[in-house]
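Results of the structural survey
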Amino acid sequence: METVNSSVLCRFLAPLWRKLADWYEYSLLAVVIRGIAAGIKNWCAGSGIIRFAAREGVLSRSWEDSLLCRGLTFLLNIPTKILQWIYSKGKAAFDGSFFVQLAFSALENLPLLVGWLMLLFLVIPYEKWSNGYSFAGFVLCFVLSLFAGMRKKGWKLDLDALGPWLAAFGGAVLLAWPLSAYPDLSYRFLKYYGACILCVIVIVSTVERREHLMRLAGISSVALIVMSAYGFYQRASGIEVNPSYVDVTLELNKNMPGRVFSFFENPNAFGEVLLLLIPVAVALMLGSKGWGGRFLGFFAAAVSCVAIIMTYSRASWIGLFFAAALFVLLWNRKIIPACILLVFAAIPFLPESIFNRILTIFDSSDSSTSSRFPLYYAAGEFLTRRPILGAGLGSDAVRQAISDLNLFHGHDKFVHCHNIYLQVWCETGLLGLITFVGGIFWTAKKGAKAVLKAACDPSVRMIILGGITALMGTMLCGMADYIWNYPRVMLIFWFVCALALAGIRLAAREESEGLDRP
């Protein structure tokens, strides 16, 4: 660091930076921005909507001590209780065995195994991928997590940290199969959702130190680099423009190159994966205490931002921009003016194909935009007929219901609703929609509160911030696309959600330990 500070470049830039900072401090722009910020702050302080959103609801406050939470936690932890009883009876034999102690040491670092599994799941090419891999992998992790608590008195698989909304959404998913109008079509989707449920429970329950959290973020950043590198290879090798992904008849799209998709079949799916993991890489960069983690996070975020541009996925661009704005707002509001100036300064340097792609968002003649409206109409018509239960778990059940009722009248076939909110409603019914939206916003609210508390460990704060902003950006992206069309993307969504929840749990534990100290 001393070498950097004494370098010629640093000595040249430092006075320039100080002059720019002094100019901004007393400029009209700074006065205007401070006035706007103060007005927003005063409005938020007196806003009933903000106070309602920030308060801890009755359901949330009573969840941990509720009979339902305690009952579900007890049932889930019966195998662990049995294993703990076995350990107490044979403690001398267990403690005297080198190999048993080695196995326990490995089991108690289970988040590392989860991280390596996620790396593997992220970089398997689409043509070699099977959704059974993720299910089998997390069933294994779940079984190992039971053994991980074998010699830890009081250890449990934690449902408290999931909150009432996500626990209820898990229940709605499980009920959506037997209540499905097409149980045979819904059955296979239990495997996909089951992997996601196990992923969240295992990560939230086994992440017990900040190092666990940082390792998971670090491994996901390694995956980002590998995926992006393969995307660069595709672009260098040449990708033909696929008419299914680009309206080649539109004048604005005439010079657009082929869209990269890396290890995923669809460029939109790849864009959604990048959207989910880029904020986590940025959080790793800002939260790491060593230069290795900082460089890994920076490099992963940098190459991934280039890769997401090459996907030409408009919804992912908008989602990432929103996630970045939220990240800056919650992390350091002082740099908002600099970020705004940077965005405007970058616009003239955008390649023509990217600028034209942005313009197509507002062009109703673009077939990829106009084709969504018949899908929305068909889904809306179906929901007027079966609003409470929906069609049943999985896109196959929804597709079959739309077909049987002859509700879709677009040019192509109905695959899914192209909107995560409509799709979740159609699959899991009204209960599923309410608990899903409630669960993600509950996670974001709890995460924002943890981030704004100074007592929270800086590394944990950053991972929480990366997780919740990635989720919120993806929820915005989901208004224009069904982000779970590929079960692997759905798994990554819940992996990021689990990271945020695990961080919130660690932050709450730190706060509780701080209050208990004399």
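Structural data are supplied above this passage.
Scoring rules and cut-offs
Residues numbered from 1 in each chain as written. Predicted model: local features only at pLDDT ≥ 70, side-chain atom pairs only at ≥ 80, totals over all residues. Heavy atoms only, no water. Helix = DSSP H or I, 4+ residues; strand = E, 2+ residues; numbered from the N terminus. Buried < 20%, exposed > 50% of the residue type's maximum accessible area, 1.4 Å probe, protein only. Areas by Shrake-Rupley, 256 points an atom, 1.4 Å probe, with all protein chains shown as cover. Phe/Tyr/Trp six-rings, centres within 6.5 Å; stacked < 30°, edge-to-face > 60°. Lys NZ or Arg CZ within 6 Å of the ring centre and 35° of its normal. Salt bridge = Lys/Arg side-chain N within 4 Å of Asp/Glu carboxyl O. Core = buried A, V, L, I, M, F, W, Y, C linked by side-chain atoms within 4.5 Å. Contact = heavy atoms within 4.5 Å. Disulfide = S-S within 2.5 Å. Expected span 1.5 Å × (residues − 1). Polar contact = N/O pair within 3.5 Å; in protein donor to acceptor, adjacent residues only side chain to side chain. Patch = residues over 30% accessible without salt bridge, like charges linked within 9 Å, V, L, I, M, F, W, Y side chains within 5 Å. Axes fitted to C-alpha atoms, helices over the stretch in contact; angles between N-to-C directions. Parallel < 35°, antiparallel > 145°, perpendicular 65-115°, else oblique. Left-handed = near helix turned anticlockwise from the far one by under 90°.

Observations concerning the overall build of the protein
- Helix and strand counts for the protein come out as 26 helices and zero strands.
- Per-residue burial for the protein yields a buried fraction of 47% across its 518 residues.
- Summing over all exposed atoms, the protein offers an accessible surface of approximately 25800 Å²; the carbon and sulfur share of this is 69%.

Some remarks on the packing of aromatic side chains
- Applying the stated rule across the entire model yields 24 aromatic pairs.
- Here the aromatic residues F169, Y193, F436, W484, F493 and W494 are joined through ring pairs into a cluster of three or more.
- The positively charged end of R294 is found above the aromatic ring belonging to W291, 4.8 Å away from the centroid.
- Over the face of the ring belonging to W129 we find R488, whose NZ or CZ atom lies 4.5 Å from the ring centre.

Re the pattern of salt bridges
- Following the criterion strictly, the structure yields six salt bridges and no others.
- Of the charged contacts, one joins K289 and D457 as a salt bridge, the two residues approaching to 3.9 Å between their closest N and O atoms. Here the residue K289 occupies a position in the loop between α16 (267-287) and α17 (291-311), and D457 occupies one in the loop between α24 (420-451) and α25 (458-477), the gap between them amounting to 168 residues.
- Bridged by salt links that share partners, the residues R209, R210, E211, K289 and D457 form one connected network.

Some points on the nonpolar core
- Counting residues in hydrophobic clusters, the biggest one holds 119 residues, and the most contacted among them are F138, I203, M227, F436, W484, F493 and W494.
- No other element matches the 17 residues that helix α26 (residues 487-516) contributes to this core.
- Setting aside anything within four residues of it in sequence, one finds W494 in contact with L166, F169, C196, V200, F436, I440 and W484.
- Membership of the second largest hydrophobic core comes to 16 residues, among which are F382, A397, A401 and F408.

Quick word on the state of the cysteines
- Using the criterion set out here, one finds zero disulfides in the structure.
- This cysteine, C199, is not joined by any disulfide, and C196 carries the nearest cysteine sulfur, 6.9 Å off.
- Among the residues examined, C199 registers a relative accessible area of 0% and is labelled buried.
- Here C417 stays free of any disulfide, with the sulfur of C426 as its closest cysteine sulfur at 4.0 Å.

Things to note about helix α15 (residues 210-237)
- An ideal rise of 1.5 Å per residue puts 40 Å on 28 residues; α15 measures up with 41 Å between its terminal C-alpha atoms.
- Just downstream of α15, G238 is the residue with a positive phi angle, here 100°.

A short note on unusual backbone geometry
- The residue S262 is not glycine, and still its phi comes out positive at about 55°.
- In this structure, N406 takes a positive phi of about 55° despite not being glycine.

Some points on the side chain of N268
- Here N268 shows up in helix α16.
- The class of N268 is buried, set by a relative accessible area of 17%.
- One polar contact links N268 to S313, side chain to side chain, over a distance of 3.2 Å.
- Apart from residues lying up to four places away in sequence, N268 is in contact with R259, S313, S316 and D481.

Some points on the environment of L276
- Tracing the sequence through the fold places L276 in helix α16.
- Residue L276 is classed as buried on the basis of its relative accessible area, which comes to 1%.
- Along the primary structure L276 and F495 are separated by 219 residues, whereas in three dimensions their C-alpha atoms are 9.5 Å apart.
- Excluding its chain neighbours within four sequence positions, the residues that come into contact with L276 are A470, T474, V489, I492, F493 and V496.

A closer look at a nonpolar patch on the surface
- A contiguous nonpolar surface patch, about 800 Å² in accessible area, is contributed by L68, L72, F74, L75, I78, I82, W85 and I86.
- Looking at the nonpolar patch, the elements with two or more residues in it are α6 (67-76) and α7 (78-89).
- In this fold, F74 is placed in helix α6.
- Under the relative-accessibility criterion, F74 is labelled exposed at 55%.

Here we look at the side chain of S288
- On the secondary structure map, S288 appears in the loop between α16 and α17.
- Judged by relative accessible area, which is 8%, S288 ranks as buried.
- Excluding residues within four positions of it along the chain, S288 makes contact with M214, G293 and R294.

As for the environment of F270
- Among the structural elements, F270 can be located in helix α16.
- F270 gets classed as buried once you look at its relative accessible area, which sits at 0%.
- Along the backbone, F270 and I308 are 38 residues apart, and their C-alpha atoms lie at a distance of 7.8 Å.
- Apart from residues no more than four positions distant in its own chain, F270 is found in contact with M227, S228, V260, F261, S262, F264, A307 and T311.

Describing the packing of helix α12 (residues 163-176) against α24
- One can describe the packing of α12 onto α24 by two numbers: an axis separation of 7 Å at closest approach and a directional angle of 160°. As judged from the angle between their axes, α12 and α24 are roughly antiparallel. Handedness of the crossing formed by α12 with α24: left-handed.

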